Amino acid sequence: MKSICVYCGSSTGRQEAYSDAARELARSLVDRNIRLVYGGASVGIMGLLADTVLQLGGQAVGVIPEALVRREVAHKRLTELHITQSMHERKMLMAELSDGFIALPGGIGTLEELFEVWTWAQLGLHKKPCGLLNIAGYFDSLTTFLGHAVAEQFIKPAHHSILIVERDSKALLDRFGGYEPPAVTKWVDKEET
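Reference entry: report on the structure contained in this document.

Conventions and cut-offs
- Residues numbered from 1 in each chain as written.
- Predicted model: local features only at pLDDT ≥ 70, side-chain atom pairs only at ≥ 80, totals over all residues.
- Heavy atoms only, no water.
- Salt bridge = Lys/Arg side-chain N within 4 Å of Asp/Glu carboxyl O.
- Helix = DSSP H or I, 4+ residues; strand = E, 2+ residues; numbered from the N terminus.
- Buried < 20%, exposed > 50% of the residue type's maximum accessible area, 1.4 Å probe, protein only.
- Expected span 1.5 Å × (residues − 1).
- Arc of directions from axis to C-beta.
- Contact = heavy atoms within 4.5 Å.
- Pairing = 2+ DSSP bridges.
- Axes fitted to C-alpha atoms, helices over the stretch in contact; angles between N-to-C directions.
- Phe/Tyr/Trp six-rings, centres within 6.5 Å; stacked < 30°, edge-to-face > 60°.

1. Quick word on the pattern of salt bridges
For the structure on display, the rule yields eleven salt bridges. Linking K91 and E116 is a salt bridge whose minimum nitrogen-to-oxygen distance equals 2.9 Å. Remark: E116 occurs in helix 5 (residues 108–122) and K91 occurs in helix 4 (residues 87–96); sequence separation between them is 25 residues. Looking at E116, the relative accessible area reads 22%, which means it is partly exposed. Between R167 and D140 there is a salt bridge, with the nearest N and O atoms lying 3.1 Å from each other. In this pair, R167 sits in the loop between strand 7 (163–166) and helix 8 (169–177) while D140 sits in helix 6 (residues 140–151), placing the two residues 27 residues apart along the sequence. Take D140: its relative accessible area is 32%, and that puts it in the partly exposed class. One connected set of salt bridges, linked through shared partners, spans E16, D20 and R23.

2. Regarding helix 6
For helix 6, which comprises twelve residues, the first-to-last C-alpha distance of 17 Å matches the rise-based estimate of 16 Å (1.5 Å per residue) to within 8%. Within helix 6, burial applies to L142, L146 and A149. An end-on view of helix 6 places all buried positions within 55 degrees of arc, on one side of the element. Exposed residues pointing more than 90 degrees away from the buried face of helix 6 are listed as S141, T144 and A151. Contact partners of the buried residues in helix 6: helix 5, strand 6 (130–133), helix 7 (157–160) and strand 7. Positioned one or two residues after helix 6, Q153 has a phi angle of 65 degrees, which is positive.

3. Remarks on the sheet that holds strand 3 (residues 60–65)
Taken together, the seven strands give an open sheet; going across it, the order is 4-3-2-1-5-6-7, and neighbouring strands pair in parallel fashion. Taken across any chain shown, the strands that pair with only one partner, and hence form the sheet edges, are strand 4 (80–84) and strand 7. Between one strand and the next, the sheet's axes are offset by a mean angle of 25 degrees, whatever the strand orientation. Pairing of strand 1 (residues 3–7) with strand 5 (residues 101–103), which is carried by three bridges, proceeds in the parallel orientation. Within strand 5, the residue paired with V6 across the bridge is I102. Running over the sheet, helix 2 (residues 44–55) touches strand 1, strand 2 (35–38) and strand 3 and is turned about 160 degrees from strand 2.

4. Some remarks on the packing of aromatic side chains
Within the structure shown, the criterion is met by four aromatic pairs. With centroids separated by 6.3 Å and ring planes inclined at 0 degrees, the aromatic side chains of Y7 and F101 adopt a geometry described as stacked. Here Y7, found in strand 1, pairs with F101, found in strand 5; they are 94 residues apart in sequence, far enough to count as distant. Of the residues examined, Y7 reaches a relative accessible area of 3% and is grouped as buried. Summarising the aromatic geometry, the rings of F115 and W118 are spaced 5.6 Å apart at their centres and angled 55 degrees between planes, so their arrangement reads as tilted. Separated by three residues within a single helix, F115 and W118 lie in helix 5, roughly one turn from each other. Taken together, the ring pairs connect Y18, Y138 and F139 into an aromatic cluster.

Shown next as structure tokens:
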């Protein structure tokens, strides 16, 4: 793995554990010589993650739409900053630049971006790992819900297994290193439609 896309909040959240986890993920990425690809902002967990990667001598690549440059305060000291015309372009470029995807605690945008690349994996549009870094139980309710969706047969177990959940960045990156996408040839059976 050469580049990992990290989705995370433009705020730091309520608990210091979220910021600590961003710093730890930054160390783990730099230790493995993995380039950070992220949303390009200088604020919140996004900015903290990029700043830590850069302080440790790593590479941080930001991708931000022109409309959000002023709103999110684009980071000015990145290795690379790509400014796109739309959110759709942003997400596509982030995916193209990355070998895997991690969500740290964040809000609606973080979840939307993760669910989109996970859906792309389910559809076979890419074979890259997708992960949740579940800090201080932030994603516990979400993972419970996803298990419920499997039990109710709206998510196939093989597709559920695409999403790797860990509480530690090193463990998550270790699992990314050995990731093999599930061998699912069909994602919908005609009988199910």
